[in-house]
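Observations on the model geometry
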Amino acid sequence: MMPTRRSELAAPFWETAAELLCVRPDFMSVTYGAGGKDRDNAREVVHRLVRDTPIQPIAHLTCVGNSTADVVATVYDYFDCGVRTFLALRGDPPADQPDWQPSPDGVRSATELIHLIRTVERRRCDAHPGEMLRGAFKPLTIAVAAFPAGNPAAGTTPD
């Protein structure tokens, strides 16, 4: 699902979501928006799906346009609302920045993002042992979309 950018499209968006729920999908994937845009809308959609529907949302996370602190805060927010499934993506550089590079305080690749999500999960379990029990009932799942030969722009290889 691509969260709407315009408030006047919210009602039709949620009508479409309700129609999709009628066919009982296993999950709904909620995109983060190109170049890291629409983060707030994506988070709102994910929160509402967790809170108001029986569906398991897959929350997209991208490195583009995010500092490590931004990513950590988002992961904590998603865990706090009940999200247990993520799609970890490097993300596409902004269209107007073909030579884009991650900021020095940013997450550089989906591989680093996976490690960061798992680190946040470990910290939560260490701080609140009940989180480990909750995690046993609803395990953390992290999916990726990857280039089979690696992504030279992200510095990744098949290994």
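Whatever comes next refers back to the structure up there.
We now turn to the structure provided with this report. Throughout, residues of each chain are indexed from 1 in the direction in which the sequence is written. Local features in this predicted model are restricted to residues of pLDDT 70 or higher, and side-chain atom pairs are both shown and tallied only at a pLDDT of 80 or more, whereas totals for entire chains, interfaces and linings draw on every residue. Calculation of side-chain values draws on the structure's entire complement of heavy atoms; hydrogens and water are dropped beforehand.

1. Some details on the overall build of the protein
For the record, the criterion: Working definition: helices are DSSP H or I runs of at least four residues, strands are E runs of at least two. Numbering for both runs from the N terminus. With the radius of gyration taken over C-alpha atoms, the globule rule is written as 2.2 Å times the number of residues to the power 0.38. Remark: exposure states derive from per-residue accessible area (1.4 Å probe, protein chains only) relative to the maximum for the residue type, with buried under 20%, exposed over 50%, and partly exposed in between. In this description, contact between two residues means that some pair of their heavy atoms is separated by no more than 4.5 Å. In this count, Lys and Arg are taken as positive residues and Asp and Glu as negative ones, while His and the chain termini are left out. The atom standing in for a charge is NZ when the residue is Lys, CZ when it is Arg, CG when it is Asp and CD when it is Glu.
Regarding its fold elements, the protein presents five helices and four strands. When the helices and strands of the protein are placed in sequence order, the string is α-β-α-β-α-β-α-α-β. Scaling as 2.2 N^0.38, a compact globule of 159 residues should have a C-alpha radius of gyration of about 15 Å, and the protein matches this with 16 Å. Considering only C-alpha atoms, the protein reaches an extent of 40 × 40 × 30 Å along its principal axes. A total of 159 residues make up the protein; the buried ones form 40% of that total. For the protein, the share of sequence-separated contacts (at least 6 apart) that also reach a separation of at least 24 residues comes to 74%. Computed over 17 positive and 20 negative side-chain charges, the separation of the two mean positions in the protein equals 4 Å.

2. Here's the deal with the pattern of salt bridges
Definition in use: The term salt bridge refers to a side-chain nitrogen of Lys or Arg lying within 4 Å of a carboxyl oxygen of Asp or Glu.
Tallying each qualifying case throughout the model produces six salt bridges. Its salt-bridge partner being aspartate 52, residue arginine 48 comes within 3.9 Å of it at the nearest N-O pair. With a gap of four residues between them, arginine 48 and aspartate 52 both fall in helix H2 (residues 39-52), about one helical turn apart. Glutamate 121 is paired through a salt bridge with arginine 84; the nearest N and O atoms lie 2.9 Å apart. Highlighted residues: glutamate 121 in helix H4 (residues 110-127) and arginine 84 in the loop between helix H3 (68-81) and strand S3 (85-89), separated in sequence by 37 residues. Both residues of the pair, glutamate 121 and arginine 84, belong to the buried class.

3. Some words on the packing of H3 against H4
Selection criterion: Axes, fitted as lines to C-alpha atoms, cover a helix only where it is in contact. Angles between the N-to-C directions of the axes lie from 0 to 180 degrees. Oblique is the label for any angle not under 35 degrees, not over 145, and not in the 65 to 115 range, which are roughly parallel, roughly antiparallel and roughly perpendicular in turn. For a crossing to be left-handed, the near helix must be turned anticlockwise from the far one by less than a right angle; the clockwise case is right-handed. Ten residues, namely Ala, Val, Leu, Ile, Met, Phe, Trp, Tyr, Cys and Pro, are considered nonpolar, four, namely Asp, Glu, Lys and Arg, are considered charged, and the remaining ones, Gly among them, are considered polar.
The geometry of H3 relative to H4 is characterised by a closest axis approach of 10 Å and an angle of 55° between their N-to-C directions. Relative to H4, H3 is oriented oblique. Crossing handedness for the pair H3 and H4: right-handed. Taking contact as the criterion, the partners of Thr68, Val71, Val72, Val75, Tyr76, Phe79 and Asp80 in H3 are, on H4, Leu113, Leu116, Ile117, Val120, Glu121, Arg123 and Arg124. Among the residues forming the contact of H3 with H4, the class breakdown is nine nonpolar, one polar and four charged.

4. Focus: the nonpolar core
Let me state the cut-off plainly: What is meant by a nonpolar core is a set of buried Ala, Val, Leu, Ile, Met, Phe, Trp, Tyr and Cys residues, joined one to another through side-chain atoms within 4.5 Å.
If you look at the biggest cluster of nonpolar residues, it comprises 29 residues, and the most contacted ones within it are Leu61, Tyr78, Phe86, Leu113 and Ile117. Residue assignment for this core shows that the elements contributing at least two residues are helix H1 (10-22), strand S1 (27-30), H2, strand S2 (56-62), H3, S3 and H4. At five residues, H3 tops the list of elements feeding residues into this core. If we skip the residues at most four places from it in the chain, tyrosine 78 touches Tyr32, Ala42, Arg43, Val46, Ala59, His60, Leu61, Val83 and Phe86.

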